[in-house]
Amino acid sequence: MPLAKLASLVEKMAAESSSALGFGVGAIVRLVTLHDERIEGEVVAFDHSARIIVLKCPSSNGKSDSNDISFVNLNNLRHLEMIKGAPKSSSMSVQPVLPNLNYGKLSLRKKSNSDEKMKKINHIGSGVSSTAQKLFDTILKTIPEIEWNGEKIIVMKTVLISPPYFAENCQMQETQPVSQTKNNGQSLSHVTKIVMKFHDDNKEILSTPSFISASFPPDLT
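Residues numbered from 1 in each chain as written. Predicted model: local features only at pLDDT ≥ 70, side-chain atom pairs only at ≥ 80, totals over all residues. Heavy atoms only, no water.

Moving on, we come to the sheet that holds strand β5 (residues 77-84). Strand order in the open sheet formed by five strands is β4-β3-β2-β1-β5, and the pairing between neighbours is antiparallel. A strand with exactly one partner marks an edge of an open sheet, and here the two such strands are β4 (67-73) and β5. The mean inter-strand angle of the sheet, taken between neighbouring strand axes irrespective of direction, is 40°. Taken together, the six bridges between strand β1 (residues 28-33) and β5 define a ladder with antiparallel strand orientation. Within the sheet, the bridge partner assigned to V32 lies in β5 and is H79. (Pairing = 2+ DSSP bridges. Helix = DSSP H or I, 4+ residues; strand = E, 2+ residues; numbered from the N terminus. Axes fitted to C-alpha atoms, helices over the stretch in contact; angles between N-to-C directions.)

Take N73: it is sitting in strand β4. With 19 residues separating them in the primary sequence, N73 and V54 have C-alpha atoms 9.1 Å apart. Once residues within four sequence positions are removed from consideration, N73 is found in contact with R51 and I52. Polar side-chain contacts of N73 include one of 2.8 Å to the backbone nitrogen of N75. (Contact = heavy atoms within 4.5 Å. Polar contact = N/O pair within 3.5 Å; in protein donor to acceptor, adjacent residues only side chain to side chain.)

Before going further, it helps to spend a moment on the packing of aromatic side chains. Given two aromatic rings, one states the distance between the centres and the angle between the planes to describe the pair. Per the stated rule, a full pass over the model turns up one aromatic pair. Ring centres of F136 and W148 lie 4.9 Å apart, and the angle between their planes is 10°; this geometry places the pair in the stacked category. Residue F136 is found in helix α3 (residues 130-140), and its partner W148 is found in strand β6 (residues 146-149); the two are separated by twelve residues along the sequence. By relative accessible area, W148 is classed as buried at 14%. (Phe/Tyr/Trp six-rings, centres within 6.5 Å; stacked < 30°, edge-to-face > 60°. Buried < 20%, exposed > 50% of the residue type's maximum accessible area, 1.4 Å probe, protein only.)

The next thing to look at is the side chain of N202. Position of N202 relative to the elements: it lies in the loop between α4 (181-201) and α5 (203-206). The class of N202 is buried, set by a relative accessible area of 11%.

The subject of this paragraph is the side chain of N169. Among the secondary structure elements, N169 is positioned in the loop between β8 (159-161) and β9 (170-172). Separated by 3.3 Å, the side chain of N169 and the backbone nitrogen of Y165 make a polar contact. Aside from chain neighbours lying at most four places away, what touches N169 is L160, I161, S162, P163 and P164.

This brings us to the pattern of salt bridges. Tallied over the full model, the rule gives seven salt bridges. Salt-bridge contacts for R78 lead to D36; the nearest nitrogen and oxygen are separated by 3.3 Å. Residue R78 is located in strand β5, and its partner D36 is located in the loop between β1 and β2 (38-47); the two are separated by 42 residues in the primary sequence. Residue R78 shares its accessibility class with D36, and that shared class is exposed. If you follow the salt bridges from partner to partner, you end up with R30, E40 and E81 in one network. (Salt bridge = Lys/Arg side-chain N within 4 Å of Asp/Glu carboxyl O.)

Here we come to the sheet that holds β8. Sheet architecture is open: four strands sit in the order β6-β7-β8-β9, paired in antiparallel fashion. Both outer strands of the open sheet, β6 and β9, are each paired with one neighbouring strand and no more. The mean angle between the axes of side-by-side strands here comes to 30°, regardless of whether they run parallel or antiparallel. Where α3 meets the sheet, it contacts β6, β7 (152-155) and β8, and its direction lies at approximately 155° from that of β6.

Turning our eyes to something else, we now look at the confidence of the model for the protein. Residues at a pLDDT of 70 or more form 73% of the protein, whose mean pLDDT is 80. Here residues 13-20 is modelled with pLDDT under 50, and outside its nearest four sequence neighbours on either side it reaches 21 contacts, counting other chains as well. The model gives residues 212-221 a pLDDT under 50, and that stretch makes 22 contacts with residues more than four places away or in other chains. (pLDDT = per-residue confidence, 0-100.)

A word on unusual backbone geometry. Looking along the chain, the bond that leaves P163 and enters P164 is cis, with omega of 5°. Note that P164 resides in the loop between β8 and β9. Its identity is not glycine, yet M156 carries a phi of approximately 55°, on the positive side. Mapped onto the elements, M156 comes out in the loop between β7 and β8.

Structure follows, in structure tokens:
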């Protein structure tokens, strides 16, 4: 749902907040769902017809300058308790002014989350062996600049690791400029050491037939 439409929906719900449940915008409530999930927060909107309540809760990341927003279906509640009543201004005729949404910040957060998910998807090789994927994940822990090129692994855009992914299969990409030969040589040496350590640490696991034959599906996207 577009951010502008979501903001409009929340504002409409706030304007239509009903006193039928005995609370309005600004009230502090404690909820217990049918799945025993406990939620406590400030009412920022309520849609009586849809039986949806919107709560502003303390941030789950512990930051004092942000909040979590929870949409709760009242039909799925086991218990509802009002801890603190709404301010006197929270009546059907006079609603408290809600803070403006920072659309720029929300858009950046949405893009950041989307990019992060795409990175995780791209980190899964298509049709590669379990050994290759495990090696990729191991390198990723210390070198974030890593990607797949078919069955080959490219590290820092300079080092190419080809099947079957041993130290002797590490080489420089042919497209690298001569001026960077020294730095690239250091990168190759560093990646090669990681590959050697990976095989030494996983020698017993990688030698089992079940691990060697396992592979990932050809396409997870």
